[in-house]
Amino acid sequence: MRIPLKTTALRRSIPSAWKQIRLLHAGKIAGAIAISAFNVLWEGHGVMRSSPTAVRLIAVALVCYAVTTIAEFLWLLSTGPRFTGFESPNAPATGEFETIDPIIDQLKSLPPADLREETLQLAAEMKSFEAGSDREFVTTLASLPPIVAGTEAEGNEALDRESAVLMERHLSTWRVYRERFYRPARALRDELRKRLGIRNTNGEPWIPALEKAELSGAKPITEAANYLVALARRLK
């Protein structure tokens, strides 16, 4: 029997979320102990009132710690990388490119100063490309003839033609971005995160242009470029 795609996607997401959990986390341990101590000090109330004090302290602390860990796991599972179920079982679960990519191999050997310079240069090219693409889009929009139609059907047909032209302009921008900037931008982002010690990427901004090559929003490519610049400037 074939496994449903949602089940397959969930099976890939669970290991990724579990790897990010820090079992020996000082904050969780302190919180569990504090709740357990408060439970004992609250005379006449709390749970396990009939049990010895030591048993109450240990049991409540363990339960609190387990609940906190489960909640953290579920949160990481819901906010982590999205899988469709179509991915290859051998593909990396972190959303990073495979290490056979020559771009990644080259970046690993770059000194910090060179890596920072490469990132800033690519970010500048990305911003310049989007600015030029926006100008071309405005030119295309201005060059479209005004819609003059005698009937509603003719008006709808003219609107469809105009929409098709604008959509083709957007798709052209997306194709160039995908072919020219997407892979090096992702590779630079991942290498910078590694060198900066950013382990939990869930705390980082979700940028569609870097995650999925999705150009949504007012300035999606500039947003991606600004994030790369921010990472590069943190590199010592």
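Our structure's up above, just so we're on the same page.
Small disclaimer: the values here were computed from a predicted structure and weren't measured.

### Regarding the nonpolar core
Counting 29 residues, the largest nonpolar core has Met126, Tyr177 and Leu210 as the members making the most contacts within it. Elements represented by at least two residues in this core include exactly α4 (102-108), α5 (112-143), α6 (152-196), α7 (208-211) and α8 (220-234). Ranked by residues supplied to this core, first place goes to α8 with eight residues. The contacts of Leu210, once residues within four sequence positions are left out, are Tyr177, Tyr182, Ala185, Arg186, Arg189, Ala224 and Tyr227. Ranked by size, the runner-up nonpolar core spans five residues in total, among them Ala32, Val60, Ala61 and Cys64.

### Considerations on the side chain of Glu204
Relative to the helices and strands, Glu204 resides in the loop between α6 and α7. We note that Glu204 is buried and unpaired, the nearest opposite charge coming from Arg193 at a distance of 4.6 Å. When residues no more than four places from it in sequence are discounted, the contact partners of Glu204 are Arg193, Ile198, Tyr227 and Leu231.

### A look at α5
Three- or four-residue spacings in an α-helix give side chains the same orientation, since the helix completes a turn every 3.6 residues. Between its first and last C-alpha atoms α5 spans 47 Å; for 32 residues at 1.5 Å apiece the expected length is 46 Å, and the two agree. Within α5 the residues assigned to the buried category are Leu115, Thr119, Leu122, Ala123, Met126, Phe129, Glu130, Gly132, Ser133 and Thr140.

### Brief notes about unusual backbone geometry
The residue Ala213 is not glycine, and still its phi comes out positive at about 55°. Along the chain, Ala213 falls in the loop between α7 and α8. Owing to a relative accessible area of 1%, Ala213 belongs among the buried residues under this scheme.

The rules behind each value
Residues numbered from 1 in each chain as written. Predicted model: local features only at pLDDT ≥ 70, side-chain atom pairs only at ≥ 80, totals over all residues. Heavy atoms only, no water. Core = buried A, V, L, I, M, F, W, Y, C linked by side-chain atoms within 4.5 Å. Buried < 20%, exposed > 50% of the residue type's maximum accessible area, 1.4 Å probe, protein only. Helix = DSSP H or I, 4+ residues; strand = E, 2+ residues; numbered from the N terminus. Contact = heavy atoms within 4.5 Å. Lys, Arg positive; Asp, Glu negative; His and termini not counted. Salt bridge = Lys/Arg side-chain N within 4 Å of Asp/Glu carboxyl O. Expected span 1.5 Å × (residues − 1).

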